[in-house]
Amino acid sequence: MAFGKVYLVGAGPGDPELLTVKASRIIARADVVAYDRLVPAEILALIPAGAARIDVGKQAGHHPVPQPEINQLLVRLAAAGRTVVRLKGGDPFIFGRGSEEAAELRRAGIECEVVPGITSAQGCAAAARMPLTHRGLATGVRFVTGHCKADEPLDLDWNSLADPHTTLAVYMGLGNISEIVGRLIAHGLSADTPTLAISQGTTARERRLSARLEELPDAARAANFEGPVLFIIGKVAALAAEWSAIEDAGIADPLADQFAVVA
Ligand SMILES: C[S@@+](CC[C@H](N)C(=O)[O-])C[C@H]1O[C@@H](n2cnc3c(N)ncnc32)[C@H](O)[C@@H]1O
C-alpha cells in the first residue's frame, strides 16, 4: 500500500474566518484530523463527516498525548495510506512543535506539507489595530517564548530583548510574567514601556488590557484571564491603547465614512 501524506496545517489565532483558503480545502479532503486544544469548534466543524477526529490537545504543564506519541501517531496513520491533517492553533512552525513532527515524518520517509497559519501575535495585533512594527516606534519584532521546561530558568538573551526599538511578542508567558518584566527592567528597558495583554484574541471572548511595563504583572494577575494570553511589549502597544480609549469613549471613528466599502 502506498504511503499517505501528512499536512501540518495552521488554524490561525481563533477567528474561524482567519483560516486560510488552502487550509480549509485540505481539511475538507482529510481522512483523519489530529487537532490541538486551541483549534476552535467552528473550524473543527469543517472536518468531513466521514473523517476520523483525534484530540491530541495539550494544556500548559499537562500533555494528554505526549509529543513522541503524537509523532508516532502521524507516522502510523500516513504509513497506513491515510491523508492526515495535523491541525494546530496559529502557525504550526511558531511555538507549535510542528518542526519536530516534520522531522519525525522525514525520518520515516513520509511526505509532509506545511500550510502556514496566521500566528497569534499577528491576529492579536490586528484585533487591537496595533502594528507590530511602525516607523519611529519599532524597527523589528521578536516572537519569544515565556515558558520553559519545569524547574528550569527562562533561558532568554535579556540584554538583546531589552531593546526599546523592538516589539516583543511573548507567547506562553502568563505564568512567568513577573520574572519576564523584572528581567527586562533590570536589563535597561524602561518601566514605562507600553504593553498590551490579549487573552483569546480574535475570538468573541477576547479581552485586552493596556499597562505600563512595571504594572503588567499585577494587572495581568488581577485580570484573571482564561484561555491563552499573549503579551506585546514595546512602544507600538501605545497605539492599541489609543484605539481602546476611542472605543471606551464611544467616539465614532472619524474616517469610517471615508473608507466605507461601497457595495
Ligand atoms: C503553544 S503556543 C502556540 C502558538 C501558535 N502556534 C501560534 O502561532 O500562535 C500557545 C500560546 O500562543 C498564544 N496564543 C495562541 N492563541 C492565542 C489567542 N487567540 N490569543 C492570545 N494568545 C494566543 C498564547 O501565548 C499561548 O500560550
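Summary of the structure given here. All values derive from a computational prediction rather than experimental measurement. (Residues numbered from 1 in each chain as written. Predicted model: local features only at pLDDT ≥ 70, side-chain atom pairs only at ≥ 80, totals over all residues. Heavy atoms only, no water.)

**A word on the site of the ligand**
Put simply, the rule reads: Here a residue is considered near a molecule or strand provided that any single heavy atom belonging to it is located within 4 Å of it. For the purposes of these results, a polar contact is taken to be a pair of N or O atoms within 3.5 Å, where, inside protein, one atom must be able to donate a hydrogen and its partner to accept one; residues adjacent in sequence count only when each atom of the pair is a side-chain atom. Here, Shrake-Rupley sampling with a 1.4 Å probe gives the accessible areas, and only protein chains in the shown set may cover a residue. Runs of E in the DSSP output that reach at least two residues are strands. Runs of H or I that reach at least four are helices, and both are numbered from the N terminus. Note that domain bounds follow an automatic or database assignment of domains.
Surrounding the ligand, one finds 18 residues, the nearest of these being Pro13, Ile94, Thr119, Ser120 and Val229. Contact between the ligand and Gly201: a nitrogen atom at 2.8 Å from a main-chain N or O atom of the residue. Backbone polar atom of Val229 to an oxygen atom of the ligand: 2.7 Å apart, as the coordinates give it. In isolation the ligand has 570 Å² of accessible area, and contact with the protein removes 88% of it. Contributions of two or more residues to the shell around the ligand are made by helix H5 (120-127) and strand E10 (229-233). Each of domain 1 (5-118) and domain 2 (121-249) contributes no fewer than three residues to the shell around the ligand.

**Quick word on the pattern of salt bridges**
Applied cut-off: Salt bridges are identified by distance alone: a Lys or Arg side-chain nitrogen within 4 Å of an Asp or Glu carboxyl oxygen. Burial here depends on accessible area, computed with a 1.4 Å probe over protein chains only, as a share of the maximum for the residue type. Under 20% is buried, over 50% is exposed, and the range in between is partly exposed.
Per the counting criterion, the structure on display carries 14 salt bridges. The residue Arg86 makes a salt bridge to Asp36 at a minimum N-O spacing of 3.1 Å. Remark: Asp36 occurs in the loop between strand E2 (32-35) and helix H2 (41-44) and Arg86 occurs in strand E4 (residues 83-88); sequence separation between them is 50 residues. Taken as a pair, Arg86 and Asp36 share a single burial class, namely buried. Across the pair Asp192 and Arg212 runs a salt bridge whose closest N-O atoms are separated by 2.2 Å. Of this pair, Asp192 sits in the loop between helix H7 (177-186) and strand E8 (194-199) while Arg212 sits in strand E9 (residues 207-212), and the two are 20 residues apart along the sequence. Judged by its relative accessible area of 48%, Asp192 falls in the partly exposed class. Several salt bridges share partner residues, and in doing so they unite Lys5, Lys22, Glu111 and Glu113 into one network.

**A look at the sheet that holds E8**
Counted only if it meets this: Between any two strands, pairing holds if DSSP finds at least two bridges. Angles here are taken between N-to-C directions and fall from 0 to 180 degrees, while the axes themselves are lines fitted to C-alpha atoms, restricted in helices to the stretch in contact.
If you trace the five strands from one edge of the open sheet to the other, you get E6-E7-E10-E8-E9, paired in mixed fashion. With partners counted over all chains shown, the strands left at the sheet margins are strand E6 (140-145) and E9, one partner each. Each strand axis lies, on average, 20 degrees off the axis of its neighbour in the sheet, ignoring direction.

**Description of the nonpolar core**
Put simply, the test is: Put simply, buried Ala, Val, Leu, Ile, Met, Phe, Trp, Tyr and Cys residues joined by side-chain atoms within 4.5 Å make one nonpolar core. In this description, contact between two residues means that some pair of their heavy atoms is separated by no more than 4.5 Å.
Within the largest apolar cluster, 24 residues are counted, with the highest numbers of intra-cluster contacts made by Leu184 and Phe231. Elements with a contribution of two residues or more to this core: helix H6 (158-161), strand E7 (166-171), H7, E9, helix H8 (216-223) and E10. Apart from residues lying up to four places away in sequence, Leu184 is in contact with Trp158, Leu161, Ala162, Leu168, Leu189, Leu213 and Ile233. The next biggest cluster of nonpolar side chains, apart from the first, holds 18 residues, and it includes Tyr7, Leu19, Val33 and Ala51.

**Comments concerning the side chain of Thr195**
Summarising the element assignment, Thr195 is placed in strand E8. What makes Thr195 buried here is its relative accessible area of 1%. Side-chain polar atoms of Thr195 contact the backbone oxygen of Ala211, separated by 2.8 Å. Those residues within four positions of Thr195 in sequence are excluded, and the remaining contacts are Leu209, Ser210, Ala211, Arg212, Leu213, Leu216, Ile232, Ile233 and Ala237.

**Topic: helix H9 (residues 237-249)**
Note the following rule: Take the number of residues in a helix, subtract one, and multiply by 1.5 Å to get its expected span. This arc is taken over the directions from the axis of the helix to the C-beta atoms.
Under the 1.5 Å per step criterion, the end-to-end length of H9 is 19 Å for 13 residues, consistent within 8% with the ideal 18 Å. Of the positions making up H9, those classed as buried are Ala237, Leu239, Ala240 and Ser244. Within H9, the buried residues cover an arc of 155 degrees as seen down the axis, which keeps them to one side. Projecting away from the buried face of H9 at angles above 90 degrees are the exposed residues Glu242 and Ala249. Where H9 is buried, its residues meet E8, E9 and E10. Gly250 sits one or two positions beyond H9 and adopts a positive phi of about 65 degrees.

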